[in-house]
Amino acid sequence: MSGIEGKVVAITGASSGIGAATAAYLAERGARLVLGARREDRLKEVVDGILARGGTAAGVVMDVTRRDGLTLLTDTALDRFGRLDVLVSNAGTMAVSPFDELRQDDWDAMVATHITGLLNGVGAALPVFRRQGSGHFVNVASTAAYVVKTPQGVYAATKTAVKVLTEGLRQESGPDLRVTLVSPGLTDTEGVGKGASPETAEAMTRLRDEIGAPPSAVAAAIGFAIGQPDGVDISEVVVRPTAQA
Ligand code: NDP
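Here the structure is a predicted model, which means the values were calculated and not measured.

1. Looking at the pattern of salt bridges
In total, this model carries 13 salt bridges according to the counting rule given. A salt bridge links Asp48 to Lys44, with the nearest nitrogen and oxygen atoms 2.7 Å apart. Here the residue Asp48 and the residue Lys44 both occupy positions in helix H2 (residues 40–52), the gap between them amounting to 4 residues, near one helical turn. You can call Asp48 partly exposed: its relative accessible area is 35%. The shortest N-O distance in the salt bridge between Asp209 and Arg208 comes to 3.0 Å. Judged by its relative accessible area of 14%, Arg208 falls in the buried class.

Here is the structure:
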């Protein structure tokens, strides 16, 4: 199945930012969506907005750090729509801080959300894709997967892992599956600076307000990869503001 229309797309981290923008972009183009996140109220707003505009979407309250969260997402796609064409692993947390602050809970959360969360998605969706003989993993990393800037060491390490896992998965995926890495640069979302140490949060939000790219630009890159003809894989895309060094 080529194009976006009719595809069943599951998106993690769809309650705000890039995930919500991607949901809106794909819904406008006729995709059928299963949207996952932890905050029920914010997720409901996104789903209701899509339904009000005539789109098709279901919300699933889930946590990507738990295997059963991803199973619930893929099972919902199969129950509601009979198939799953794309899994967008987008959920993330940018709680960055200097190592000396020893914010070990934040380090754990980044590892669990970006690495374990991604692998939970592979565990849930790969068997479905293999059974169907088609499927597409879209994994959201970051420009931090290409260059580390202080104090983003742990964040950059986990996003580098996303990049490496995506390439490893692509090499094993065979001719029937597609695997895409999308790496945003600074993007204008509420997630920038959230949970970061105060000085860092202030600097990040100031820069975001000055130069942040709209999340719709990342959504369009994801849509571009999904919309390719069968047998064509967009393997890697970096989307950043021109003002980002
Ligand atoms: P947001 O904070 O707006 O979005 C993050 C999303 O992830 C939310 O929907 C949040 O929902 C969800 N999420 C976080 N943890 C979990 C979890 N354990 N289980 C399920 N959902 C979770 O920020 P962005 O849109 O900016 O971030 C989206 C992705 O883009 C992230 O992976 C981020 O690292 C990446 N990115 C962002 C950049 C930027 O400048 N904005 C730059 C580079 C990469 P909820 O809290 O409801 O669970």
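2. With respect to helix H4 (residues 104–132)
Side chains that are three or four residues apart share a direction in an α-helix, a result of its 3.6 residues per turn. Compared with an ideal rise of 1.5 Å per residue, which puts 29 residues at 42 Å, H4 spans 41 Å between its outermost C-alpha atoms and is within 8% of the ideal. Looking one or two residues beyond H4, the residue adopting positive phi is Gly133, at roughly 80 degrees.

3. Regarding the confidence of the model for the protein chain
Where the model shows low pLDDT, its predicted coordinates should not be examined in detail. Overall, the predicted model of the protein chain reaches an average pLDDT of 98, with 99% of residues at or above 70. Two summary scores accompany this predicted model of the complex, namely pTM at 0.99 and ipTM at 0.99.

4. Examining the site of the ligand
As a matter of local geometry, the ligand sits amid 31 residues, with Ser16, Arg38, Tyr155, Thr187 and Thr189 nearest to it. In this structure, an oxygen atom belonging to the ligand sits 2.8 Å away from a side-chain N or O atom of Ser16. One nitrogen or oxygen atom from the main chain of Thr187 is found 2.7 Å from an oxygen atom belonging to the ligand. When isolated, the ligand has an accessible area of 870 Å², and the protein chains bury 96% of it. Taken together, the elements giving at least two residues each to the shell around the ligand come down to helix H1 (17–28) and helix H5 (153–173). Its residues placed into classes, the shell around the ligand shows 13 nonpolar, 13 polar and 5 charged.

What counts as what
- Residues numbered from 1 in each chain as written.
- Predicted model: local features only at pLDDT ≥ 70, side-chain atom pairs only at ≥ 80, totals over all residues.
- Heavy atoms only, no water.
- Salt bridge = Lys/Arg side-chain N within 4 Å of Asp/Glu carboxyl O.
- Helix = DSSP H or I, 4+ residues; strand = E, 2+ residues; numbered from the N terminus.
- Buried < 20%, exposed > 50% of the residue type's maximum accessible area, 1.4 Å probe, protein only.
- Expected span 1.5 Å × (residues − 1).
- pLDDT = per-residue confidence, 0-100.
- Near = heavy atom within 4 Å.
- Polar contact = N/O pair within 3.5 Å; in protein donor to acceptor, adjacent residues only side chain to side chain.
- Areas by Shrake-Rupley, 256 points an atom, 1.4 Å probe, with all protein chains shown as cover.
- Nonpolar A, V, L, I, M, F, W, Y, C, P; charged D, E, K, R; others polar.

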